[in-house]
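Close look at the chain arrangement
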Amino acid sequence: MPRARLPQLQSITDGSFEPSRRNPVLLGEDNFLDGHQKPIRIGESVSPLSLSKEEIRVNGNFYLEGKLTNPLLETDFEYLELRSEENVRFTSKNSTGSLDLYVTSGDAYFTVSGDDFYFIGQNAGTFQFGDLAQGVTLFQFDSVNSKFLMAHAADTGDNFAIDLDAAGATTITTIDDDGTAAHFTLDVDGDIVIDAASGNITAKDNGGNYTPSSDYHIATKKYVDDNAGGSATGDSGNAAIYDNSGTPAFKSGITKAEVLSLLNVTDGATANAGDVTLAGTQTLTGVKTFNANVKIHGENSRYLYLDDGENVSLTASSSSNLSIAVDGTEQIIITDEVIKFEQNHFLIKERAAAGGDAAGYGQIWIDDAAPNELAFTDDAGTDIVGIGKYHYETKYIGYYASATSIYLPMTGYVFEKTTTTSNNEYLCFIAPYDGVLEKFCFRSEIAQDGTASLRFLEASNDSEIPSSMTFRKDLVVDIADDTFLDYDLTSPTSGSTVLTKGKMYNIYLSMPTASQDTNVTIVFKWDITT
């Protein structure tokens with residue numbers, strides 16, 4: 001048996017870890033590792049990997065697939081820079097969803113999957129946004145105390161805060177650290193609705209209870225009622241009198257003598273103790289408001305009586321008249337059940353609709369159509385608009401029809417016409433004013449079940465026979481013989497029921513079955529101002 005041969009020592013290359021491989025892994029220098037990087041060679045090529053005693057360096061592309069068994073990644077720098085092609089994406093091994101961080105055109109973005117994004121600061125967490133290097137916080141979210149704060153960029157002592165307490169109690173605070181200019185303004189493109197469940201809306205002054213003390217302060221109705229005072233008795237009581245500019249001359253405790261002095265009048269002798277009574281001819285200018293009884297007497301006990309500043313009565317004794325004069329000229333005279341207007345007209349402002357109904361009363365008002373129209377509404381809410389402007393004309397037509405589609409004999413002929421040729425004198429009529437078809441009623445001795453069609457045809461001045469269809473309404477009907485049909489004219493199939501003054505019209509009617517003995521009633525509404 002041959003003896004084994006030992007390898008020749010000269011065949012082992014210095015520093016070779018794998019002497020028998022084609023691409024042995026070689027350390028660049030056959031020395032112990034120290035603080036200097038030593039490249040690792042593979043065969044005759046230098047790899048991107050180099051080693052030192054305390055560091056591994058990759059000078060090339062790096063690919064890692066597997067797990068980091070130690071979750072700590074620490075650097076000796078202020079930041080860790082991840083430079084990707086576009087996004088840096090964070091995903092979860094156990095849950096779906098992702099968070100992408102990226103920069104484009106110099107602006108930074110983050111996007112998240114799903115519908116929610118959370119900042120979690122459990123037990124202690126305050127999120128601050130601003131120039132932290134300069135110690136400036138512009139936005140702060142305090143997740144521990146449920147508080148949001150926003151500071152002014154030039155002075156962080158001037159700030160706005162929203163603080164949420166138990167049971168949803170919320171406080172909005174504005175602070176001006178140098179004064180009292182931290183005003184709170186609501187500029188709303190819409191309505192402001194305050195809906196207090198308890199019904200209590202309280203105003204406070206600098207944190208204390210608030211008592212209105214100025215004519216420009218807001219006060220509750222209860223406060224106003226509690227401090228309004230009673231009627232004037234003797235020479236005292238509460239009254240407010242305003243001059244021409246609306247400035248109050250007195251607020252409370254005004255005496256009768258002060259009222260007379262302000263009005264520049266004298267007190268006529270009267271037995272009505274406790275009332276402020278002005279007798280004779282008096283001239284009152286400006287706006288006068290009294291929270292007491294005021295009577296202005298004229299001859300024959302005619303007077304103007306104001307009761308507690310709310311009810312105003314113009315009263316005339318029996319067999320005498322009450323006159324209302326402007327610039328010394330009588331314009332309205334009220335006698336027993338008669339109101340006379342001495343001037344040649346009076347004006348009523350137009351409105352969109354009548355007021356609320358009142359049993360036993362009717363309303364006269366002006367509808368705001370263009371041009372506006374006189375209207376009346378009864379106490380059941382029925383409106384009659386355009387009084388005096390419109391004339392209603394009713395046409396009664398009777399005929400015999402052996403065909404389903406006919407032209408109505410508008411001028412009194414007793415048989416149907418199925419064509420307009422040579423029949424102009426039997427079928428056509430001229431519109432005397434602008435108007436509309438208000439109502440179309442039908443009844444026949446034959447039952448009708450199917451689709452009916454009502455049409456208006458129009459001819460201008462240069463045409464003899466109407467041929468242009470201006471209105472059509474197809475209607476599904478189902479009526480027994482000799483049964484009333486109120487033809488629905490709303491929502492036409494085409495056109496409208498409008499008729500134009502001076503134009504010629506005829507009416508085409510198609511019924512599911514030949515109607516034989518037939519009666520039709522038509523109502524036109526004419527605008528006699530056209």
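Just so you know, these numbers come straight off a predicted model, no measurement behind them. (Residues numbered from 1 in each chain as written. Predicted model: local features only at pLDDT ≥ 70, side-chain atom pairs only at ≥ 80, totals over all residues. Heavy atoms only, no water.)

**A closer look at the sheet that holds strand E4 (residues 56–58)**
The condition that has to hold: Strand pairing is defined by DSSP finding a minimum of two bridges between the two strands. Numbering of helices and strands runs from the N terminus, with a helix taken as a DSSP run of H or I at least four residues long and a strand as a DSSP run of E at least two residues long. The angle between two axes is taken between their N-to-C directions and runs from 0 to 180 degrees, where each axis is a line fitted to C-alpha atoms and a helix contributes only its stretch in contact.
Spatially, the four strands line up as an open sheet ordered E1-E2-E3-E4, and their pairing is antiparallel. Edge strands, defined here as strands with exactly one partner in the open sheet, are strand E1 (25–27) and E4. Mean inter-strand twist for the sheet, computed between neighbouring axes without regard to direction, equals 35°. Here strand E3 (residues 45–51) runs beside E4; their pairing, made up of three bridges, is antiparallel.

**What to know about unusual backbone geometry**
For the bond from Ala-370 to Pro-371, the omega torsion is 0°, close enough to zero to count as cis. Its place among the elements puts Pro-371 in the loop between strand E25 (363–367) and strand E26 (373–377). Of note in the backbone geometry, Ser-146 takes a positive phi value of approximately 55° without being a glycine. By secondary structure assignment, the location of Ser-146 is in the loop between strand E9 (136–142) and strand E10 (147–151). Its identity as a non-glycine residue notwithstanding, Ala-167 has a phi of 65°, on the positive side.

**Looking at the pairing of strand E7 (residues 107–112)**
The pairing of strand E6 (residues 98–104) with E7 spans six bridges and is antiparallel. Within the sheet, the bridge partner assigned to Asp-100 lies in E7 and is Thr-111. Between E6 and E7, which pair antiparallel one after the other, the connecting turn spans two residues, and Ser-105 there sits at a positive phi close to 55°.

**Side note on the environment of Ile-162**
Test applied: Here a residue-residue contact requires only that any non-hydrogen atoms of the pair lie within 4.5 Å.
Relative to the assigned elements, Ile-162 resides in strand E11 (residues 159–164). Along the primary structure Ile-162 and Ser-146 are separated by 16 residues, whereas in three dimensions their C-alpha atoms are 8.5 Å apart. What Ile-162 contacts, discounting residues up to four positions off in sequence, is Ser-146, Lys-147, Phe-148, Thr-170, Thr-171 and Ile-172.

**Quick notes on the sheet that holds strand E24 (residues 350–351)**
Strand-to-strand pairing in sheets goes through backbone hydrogen bonds, with the strands running parallel or antiparallel. Strand order across the open sheet formed by four strands is E24-E25-E26-E27, with mixed pairing between neighbours. Across the chains shown, the open sheet's two edge strands, defined by having one partner strand only, are E24 and strand E27 (383–385). Note: E25 against E26, five bridges, orientation antiparallel. Paired with Asp-367 across the bridge in E26 is Glu-373.

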